[in-house]
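# Structure assessment
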Amino acid sequence: PYDGIDQDCDGSDLEIDADGDSYNSLTDCDDNDAGVNPGAAEIPYDGIDQDCDGADLTIDADGDGYTSDIDCDDNDAAVNPGAVEVWYDGIDQDCDGRSDYDQDQDGDDATAWSGTDCDDLNPTVYGGAPELPDGIDNDCNGLIEDDDRDGDGLSDAEEAIVGSDPDDADSDDDTVLDGDEVTDPLAPEDSDGDGAPDWDDTDDDNDGIPTATEEAQDDDNDGDADPDSDEDGTPNRLDTDSDGDGRPDSDEGVIDSDGDGIPDYVDPWEPIDTGDTGDTGDSGDSGDSGDSGDSGDSTPTDDTAAPDDTDQPDSADSGLLEPIYKGGGGCGCAATPAGAASGVGFLGMLALLLRRRGR
């Protein structure tokens, strides 16, 4: 039977009732199961076509207007595709198959239900979301992009990107606010290229003079800082030649060679060696001191030579350095020795003094 071959040549294959349910194989859709035949009672929702009508029974068992083929719980009238979802109760009332703990449907369950969504009513807010300029903590990291707790000009979110301290306005304690040392949080400045960003560098131009010292510099001693001594638009803390004299700050340092109260690195007037020390006409030569006709003998006029040569034997010539003006706006060259200063050098010095007094 059931092989489709008429072995006995009676004109048909053998049809029998193999399961004894009184329905032979011609009408019984499963002749090996007595519970399945055209006269059997259909059991809904079990995936078996008991009555051999070609389909499992779909009914509306709970009377909610939705049959079992679309009603995800046909035993509960409150559950069907048209029901209103009740969030966070663990029941899928509207049969949409989505998480009952993700009310805004952004793919992230609420934090109260083991998710990372800190606002489950806003689909732009969830763990790892892109931060938007909307005054909201979109990525749920605890920081709002326009919050600036320390008032340094960088938002807390920007400081999180940069790595600076959102609770410390001056992370490196160099007296310059983090916001003044960072203009682009995605590419923080490293002015001296030493690998330390300015916000975390106490010597921003690597000249050996601390940024705090350069920021506090008061050239004219009027009580107000002069952070750009040569007024070239670059603050001392980023200017490797703060007085514009052609000599790097790293060489001049904070010493005050001429004793005028202004350290050399911001003093365009400072002592340099003009070549007077040790020449033959100043000290110890035959025409100046100790010869028989010039000093100490009883006949001061017996010497036919002039009592001194052309160099001045004053104290400024022996063992001292003489000042020159090398500031911005000057000629950039050494002035003549003391006693023969050029008009240009004098005027340059006068202009500088007037400028400082006028600050």
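Because the structure is predicted, anything quoted here is derived from the model rather than measured.

### Topic: the overall build of the protein
Within the protein, the secondary structure is distributed over five helices and two strands. Helices and strands in the protein line up, N terminus first, as α-α-α-α-β-β-α. The buried share of the protein, taken over its 359 residues, is 33%. Pairs at least 24 residues apart make up 25% of the contacts formed inside the protein by residues separated by at least 6 positions.

### Structural notes on unusual backbone geometry
Of note in the backbone geometry, cysteine 52 takes a positive phi value of approximately 55 degrees without being a glycine. Looking at where cysteine 52 falls in the secondary structure, it is placed in the segment before helix 1 (156-162). A positive phi angle is found at glutamine 105, which is not glycine, with a value near 55 degrees. Position of glutamine 105 relative to the elements: it lies in the segment before helix 1. Overall, glutamine 105 belongs to the partly exposed group, its relative accessible area being 29%.

### A short note on the state of the cysteines
With the rule as written, the count across this model stands at three disulfides. Linked covalently through their sulfurs, cysteine 72 and cysteine 95 form a disulfide whose S-S length is 2.0 Å. Given an S-S torsion of about -80 degrees, the disulfide between cysteine 72 and cysteine 95 has left-handed geometry. Taken as a pair, cysteine 72 in the segment before helix 1 and cysteine 95 in the segment before helix 1 lie far apart in primary sequence, 23 residues in all. Through a disulfide, cysteine 118 is tied to cysteine 140; the S-S separation comes to 2.2 Å. In this structure the cystine formed by cysteine 118 and cysteine 140 twists about its S-S bond by roughly -85 degrees; its chirality is therefore left-handed. Of this pair, cysteine 118 sits in the segment before helix 1 while cysteine 140 sits in the segment before helix 1, placing them 22 residues apart in sequence.

Quick notes on the rules
- Starting afresh in each chain, residues are numbered from 1 along the sequence in its written order.
- With the structure being a predicted model, the display of local features is reserved for residues of pLDDT at least 70 and the display and counting of side-chain atom pairs for 80 or more, all residues being used for whole-chain, interface and lining totals.
- The side-chain quantities take in all heavy atoms of the structure and omit both hydrogens and water.
- Where helices and strands are cited, they refer to DSSP runs of H or I of at least four residues and of E of at least two residues respectively, numbered from the N terminus.
- We call a residue buried when its accessible area falls under 20% of the maximum for its residue type, exposed when it is over 50%, and partly exposed in between, using a 1.4 Å probe and counting protein chains only.
- Here, residues are in contact when the closest pair of their heavy atoms is within 4.5 Å.
- Only a pair of cysteine sulfur atoms within 2.5 Å counts as a disulfide in this structure description.

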